[in-house]
Amino acid sequence: MEIIKRLLPLSINLDGFALRGLVLSKNTTGGGRLRSYDVPVSSDRLLKWVVGVPGNRKLRDFYKVASEPRRYMPKVGVHYIDQDFEVAYGGYKFLSRNSSFVPLSAWNPAKDIAYD
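A quick note: this is a predicted structure, and the numbers were derived from the prediction, not measured. (Residues numbered from 1 in each chain as written. Predicted model: local features only at pLDDT ≥ 70, side-chain atom pairs only at ≥ 80, totals over all residues. Heavy atoms only, no water.)

J.: It is not clear to me how the overall build of the protein chain should be interpreted in this structure. Could you clarify?
T.: Scanning the protein chain for helices and strands turns up four helices and four strands. Tracing the protein chain from N to C terminus, the helices and strands come up as α-β-β-α-α-β-β-α. Per-residue burial for the protein chain yields a buried fraction of 22% across its 116 residues. Contacts spanning at least 24 positions in sequence make up 38% of the contacts within the protein chain whose residues lie at least 6 apart. When the accessible surface of the protein chain is totalled, it reaches about 9,000 Å², and 56% of it is carbon and sulfur. (Helix = DSSP H or I, 4+ residues; strand = E, 2+ residues; numbered from the N terminus. Buried < 20%, exposed > 50% of the residue type's maximum accessible area, 1.4 Å probe, protein only. Contact = heavy atoms within 4.5 Å. Areas by Shrake-Rupley, 256 points an atom, 1.4 Å probe, with all protein chains shown as cover.)

Now the structure itself:
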């Protein structure tokens with residue numbers, strides 16, 4: 001923090017600012033592959049949805065949404081339901097539990113991103 005204060009003009013007061021890291025990716029959100037969310041990975045599309053149209057929110061809101069990917073992902077029971085998948089082959093039936101889904105409603109960034 002001391003280095004940043006020395007690089008900026010003296011007229012800028014950084015007290016009250018929190019500097020945080022975030023990876024902005026062109027093609028992925030990183031939500032399903034990451035085990036730790038210390039440095040969130042988000043997409044430029046989510047940034048546009050939150051900060052631009054339709055969200056019109058602040059960067060602070062974007063950081064909160066990006067830090068917890070489940071805030072913007074489709075939800076079971078709202079957007080889809082899990083379904084068992086059954087297939088027969090060679091006289092045998094194979095059942096795969098919760099391996100398929102049935103869409104219920106379309107995900108809409110204007111109403112389905114949880115900011116709170």
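J.: Before we go on, may I ask you to explain the environment of Asp-84 in this structure?
T.: Mapping Asp-84 onto the fold places it in strand β3 (residues 80-89). Taking C-alpha positions, Asp-84 is 4.7 Å from Asn-98, a pair spaced 14 residues apart along the chain. A polar contact is formed between the side chain of Asp-84 and the side chain of Arg-97, at a distance of 3.0 Å. Among the polar contacts listed, one links the side chain of Asp-84 to the backbone nitrogen of Asn-98, at a separation of 3.0 Å. (Polar contact = N/O pair within 3.5 Å; in protein donor to acceptor, adjacent residues only side chain to side chain.)

J.: How do you make sense of helix α2 (residues 44-51) when you look at a structure like this?
T.: Think of an α-helix as turning once every 3.6 residues; residues three or four places apart then point the same way. Those residues of α2 not exposed but buried are Asp-44, Leu-46 and Val-50. Angularly, the buried residues of α2 cover 155 degrees about the axis, an arc narrow enough to put them on a single face. Of the exposed residues in α2, those oriented more than 90 degrees away from the buried face are Arg-45 and Lys-48. The elements touched by buried residues of α2 are β1 (23-25), β2 (41-43) and α3 (59-67). (Arc of directions from axis to C-beta.)

J.: Honestly, the packing of aromatic side chains in this entry has me stumped. Any pointers?
T.: The geometry of an aromatic ring pair is captured by two quantities: the separation of the ring centres and the angle between the planes. Tallied over the full model, the rule gives two aromatic pairs. Centroid distance Trp-49 to Trp-107: 5.0 Å. Interplanar angle 55 degrees. Geometry classified as tilted. Of the two residues, Trp-49 is situated in helix α2 and Trp-107 in the loop between β4 (92-103) and α4 (109-112); the sequence distance between them amounts to 58 residues. The interplanar angle of 70 degrees and the centroid separation of 5.8 Å between the aromatic rings of Tyr-80 and Phe-101 together place this pair among those described as edge-to-face. Here Tyr-80 is found in strand β3, whereas its partner Phe-101 is found in strand β4, with 21 residues between them in sequence. (Phe/Tyr/Trp six-rings, centres within 6.5 Å; stacked < 30°, edge-to-face > 60°.)

J.: Help me understand the packing of α2 against α3, please; the structure alone is not making it clear to me.
T.: Two quantities define a packed helix pair, namely the angle between the helix axes and the distance between the axes. The interhelical angle for the contact between α2 and α3, taken along N-to-C directions, is 130 degrees, at an axis separation of 9 Å. Regarding the angle of α2 to α3, the classification is oblique. For the pair α2 and α3, the sense of crossing is right-handed. Residues Leu-46, Leu-47, Val-50 and Val-51 of α2 form the contact with α3, whose participating residues are Leu-59, Asp-61, Phe-62 and Val-65. Residues belonging to the contact of α2 with α3 are distributed by class as follows: seven nonpolar, no polar and one charged. (Axes fitted to C-alpha atoms, helices over the stretch in contact; angles between N-to-C directions. Parallel < 35°, antiparallel > 145°, perpendicular 65-115°, else oblique. Left-handed = near helix turned anticlockwise from the far one by under 90°. Nonpolar A, V, L, I, M, F, W, Y, C, P; charged D, E, K, R; others polar.)

J.: What exactly am I supposed to notice about the nonpolar core here?
T.: Buried together is how nonpolar side chains tend to be arranged in soluble globular proteins. Counting residues in each nonpolar core, the largest one holds eight residues, listed as Leu-46, Val-50, Phe-62, Val-65, Ala-66, Tyr-72, Ile-113 and Tyr-115. Within the residue set of this core, elements represented by two or more residues are α2 and α3. Looking at this core, the element that brings in the most residues is α3, giving three residues. Apart from residues no more than four positions distant in its own chain, Phe-62 is found in contact with Leu-22, Leu-24, Ser-42, Ser-43, Leu-46, Leu-47, Val-50 and Val-51. (Core = buried A, V, L, I, M, F, W, Y, C linked by side-chain atoms within 4.5 Å.)

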